[in-house]
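Residues per chain, in single letters:
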Amino acid sequence: MTRITVLGSINMDLVAYVARAPALGETVAGKEFRTVPGGKGANQAVAAARAGGEVTMVGAVGADAYGSQLRGGLESAGIDTALVRTAEGASGTAHIVVDDTGANAIVVVPGANGTLTALGPAEREAVASADLLLLQLELPLSAVAEGARAAHARGVRTILTPAPVQPLPDELLDHVDLLVPNEHEAAQLTGYEDPYAAARVLLGKVPEVVITLGSRGCLYAARGGEPVPFPAPEVNPVDTTGAGDTFVGTLAVALGEGRPVAEAVAWASSAAALCVQKPGASTSMPYRSEIDAS
Ligand code: RIB
């Protein structure tokens, strides 16, 4: 079994479903409201666990009702939460609008996630003793960089989702093996809208890149080779929230099992396609048997 540690955020998603997202200054009527466990870190952890990984979560929830619900949700997915801190104050929340095309807009309020600025000895050991470490940017950059460095020093493969996008210091990128931005993040990181051009620039910083392209699939590139496109299965999306996280969590399991990159990317693309056909983030992530059957 692939041992995966996720160092990342845990949020409660407060989701309003609308026909069309409001413009600034506008009020629109919503159709439905749901609270769904989310957070890019927790989502990747759930996706990896459902895909068959043995997952440890390192993160923080608040000392509020959401905090215990979020911890309980991770535990019922079979994830080890011994290293999930309970911080004073509120849990992280994500305020999400999903429209009729399944597209979303998200405001994340870090809450407890923002308190995790540095790792303790047990947390450092958890990131450094896994097969793979999954990182995103919803925790303070200091902790993300510390985790990447500690993992890399012990030969752990590191995968970074650079979201929410921000400038990435070399002290972090030097310890990232695989970077997985979406096309907008790739454009912001490189200045190139063309994902092929963006991939080539990013390969100057990290050895491998996957740029996710939504319904158009993704682009995989490794140093020394040309970017290779992978199509996505054709589906009717109802909610794309967490699709990228599903892709990364599933991909990590496949790579940890030693599957060839092309097979791993195709498997992760199938998982993401299943995710977008159901509402919510962690609630829509497929189990291994469903991915295999799709
Ligand atoms: O990637 C999707 C996630 O982003 C949501 O679950 C939300 O919590 C935000 O962090």
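Residue positions are given per chain, counted from 1 along the sequence in the order it is written. Residues qualify for local features only when their pLDDT is at least 70, as the model is predicted, and side-chain atom pairs are given and counted only at 80 or more; totals for whole chains, interfaces and linings, by contrast, use all residues. With hydrogens and water set aside, each side-chain value is computed from the structure's full complement of heavy atoms.

Caption draft 1: Structural detail: helix α4 (residues 141–153). Strands are runs of DSSP state E lasting at least two residues, helices are runs of H or I lasting at least four, and both sets are numbered from the N terminus onward. Helix span is expected to be 1.5 Å times the residue number reduced by one. The terminal C-alpha atoms of α4, which comprises 13 residues, lie 18 Å apart, in line with the 18 Å expected from a rise of 1.5 Å per residue. All of the buried residues in α4 are Ala143, Val144, Ala145, Glu146, Gly147, Ala148, Ala150 and Ala151. Buried residues along α4 sit against β1 (3–7), α3 (121–128), β8 (132–135), β9 (157–160) and α5 (170–173). Once α4 ends, the next one or two residues include glycine 155, with phi positive near 80°. Only protein chains enter the accessibility calculation, which uses a 1.4 Å probe. A residue is then buried if its area is under 20% of the maximum for its type, exposed if over 50%, and partly exposed in between. Contacts are assigned to residue pairs with any non-hydrogen atoms lying within 4.5 Å of each other.

Caption draft 2: Quick peek at the nonpolar core. Counting 43 residues, the largest nonpolar core has Ile4, Ile159 and Phe247 as its most contacted members. When near neighbours in sequence (up to four residues on either side) are disregarded, isoleucine 159 contacts Leu132, Leu133, Leu134, Leu135, Leu178, Val180, Val248, Ala252 and Leu255. The criterion is simple. A nonpolar core is a set of buried Ala, Val, Leu, Ile, Met, Phe, Trp, Tyr and Cys residues joined through side-chain atoms within 4.5 Å. In terms of nonpolar packing, the next biggest core, distinct from the first, is built from 37 residues, Ala87, Leu133, Ala186 and Leu219 among them.

Caption draft 3: Fine view of the packing of helix α6 (residues 183–190) against helix α7 (residues 195–202). Lines fitted to C-alpha atoms define the axes here, with helix axes fitted over just the stretch in contact, and angles between the N-to-C directions of these axes take values from 0 to 180 degrees. Packing of α6 against α7 brings their axes to within 9 Å, and their N-to-C directions diverge by 55°. By the criterion of interaxial angle, the relationship of α6 to α7 is oblique. Crossing angle aside, the handedness with which α6 passes α7 is left-handed. Contacts between α6 and α7 pair Ala186, Leu189 and Thr190 from the former with Ala198, Val201 and Leu202 from the latter. Angles are sorted into four bins: roughly parallel if under 35 degrees, roughly antiparallel if over 145, roughly perpendicular if 65 to 115, and oblique for all others. The handedness criterion is simple: a crossing whose near helix is rotated anticlockwise from the far helix by less than a right angle is left-handed, and one whose near helix is rotated clockwise is right-handed.

Caption draft 4: The arrangement of the pattern of salt bridges in detail. Salt bridge, as used here: a side-chain nitrogen of Lys or Arg that lies within 4 Å of a carboxyl oxygen of Asp or Glu. This model, assessed by the stated rule, comprises 15 salt bridges. With its nearest N and O atoms 2.9 Å apart, the salt bridge here joins arginine 200 to glutamate 226. Of this pair, arginine 200 sits in helix α7 while glutamate 226 sits in the loop between β12 (218–222) and β13 (228–230), and the two are 26 residues apart along the sequence. Among the residues examined, glutamate 226 registers a relative accessible area of 55% and is labelled exposed. Taken together, the shared-partner salt bridges in this structure form one network comprising Glu257, Arg259, Glu263 and Arg288.

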